Amino acid sequence: MTTTFRKLALGAFLSITALAATTLTSCKKDESCASGYEGSDCKTLINAKFIGAYEGSENCTIGKDNYTVTLTAVSDNNMQLTLTNLYNDNYVLTATITESNKFSISGTSKGVTFTGSGVLSGKTLTINYKAGDGVTSNSCEFIGDRK
């Protein structure tokens, strides 16, 4: 009777092992989405979550202000955004998405050079940047909520 029990136990063990091996090999590994897309189906534009107007306050080494920054999609590049009104002076800059919820800023608008980065957390956008015209520079932090 112990021989029958051993055969039965061995058969059950082999069946479970085979099922586990089949299940493990049929699972998909984490696949990366194409550049500019994210989500479980890789069909969500990565820049979509950023798009909107953010009303907030800014604290700089030289001054404070309250205003609205607008982010819009760049039609031919899903990894970029157009950032309008940073520094509350209608500057238009290009932001490049660096992670799912982060972007970098580097460019010149109306003779002022900007460098910095932004983070979107829920509906709150935080942008830390420097602005300079070759004579003076200002370090700022803008924090705004989506309208």
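Scroll up for the structure.
Position numbers for residues count from 1 along each chain, tracking the sequence in the order it is written. Totals for whole chains, interfaces and linings use all residues, but because this is a predicted model, local features are given only for residues with pLDDT of at least 70 and pairs of side-chain atoms are given and counted only at 80 or more. Computation of side-chain values: all heavy atoms of the structure, hydrogens and water removed.

Colleague: Could you give an account of the overall build of the protein, with specific residues and numbers?
Modeller: Helix and strand assignments follow DSSP, with helices taken as H or I runs no shorter than four residues and strands as E runs no shorter than two, numbered in order from the N terminus. Broken down by element type, the protein carries one helix and ten strands. Considering only residue pairs separated by 6 or more positions, the protein has 33% of its internal contacts joining residues 24 or more positions apart. Exposure was quantified through the Shrake-Rupley algorithm and a 1.4 Å probe, taking into account, for residues, occlusion by the shown protein chains and nothing else. Accessible surface, the protein: about 9,500 Å² in total, of which carbon and sulfur atoms supply 55%. In this description, contact between two residues means that some pair of their heavy atoms is separated by no more than 4.5 Å.

Colleague: Got a sec to walk through the sheet that holds strand 6 (residues 91-99)? Specific residues and values, please.
Modeller: Think of it this way: DSSP has to see at least two bridges between two strands before they count as a pair. In spatial order, the strands read 3-4-5-6-7-8-9-10; together these eight strands close into a barrel with antiparallel pairing. Each neighbouring strand pair of the sheet contributes to a mean axis angle of 30°, computed without reference to strand direction. The sheet contact formed by strand 6 and strand 7 (residues 102-109) spans four bridges and is antiparallel. Each residue of the ladder has a partner; that of Glu99, found in strand 7, is Lys102. Note on method: axes are straight lines fitted to C-alpha atoms, helices fitted across the in-contact stretch only, with angles between N-to-C directions ranging 0 to 180 degrees.

Colleague: Could you give an account of the nonpolar core, naming the residues involved and the relevant values?
Modeller: Counting 25 residues, the largest nonpolar core has Leu86, Phe103, Ile105, Phe114 and Ile127 as the members making the most contacts within it. Mapped by element, the contributors of at least two residues to this core are strand 3 (52-60), strand 4 (64-73), strand 5 (80-86), strand 6, strand 7, strand 8 (112-121), strand 9 (124-132) and strand 10 (137-146). Discounting chain neighbours no more than four positions away, the residues touching Leu86 are Tyr67, Val69, Tyr91, Leu93, Ile105, Phe114, Ile127 and Tyr129. Side-chain atoms within 4.5 Å are what join buried Ala, Val, Leu, Ile, Met, Phe, Trp, Tyr and Cys residues into a set we call a nonpolar core. When accessible area is computed with a 1.4 Å probe and restricted to protein chains, residues below 20% of their type maximum are described as buried, those above 50% as exposed, and intermediate ones as partly exposed.

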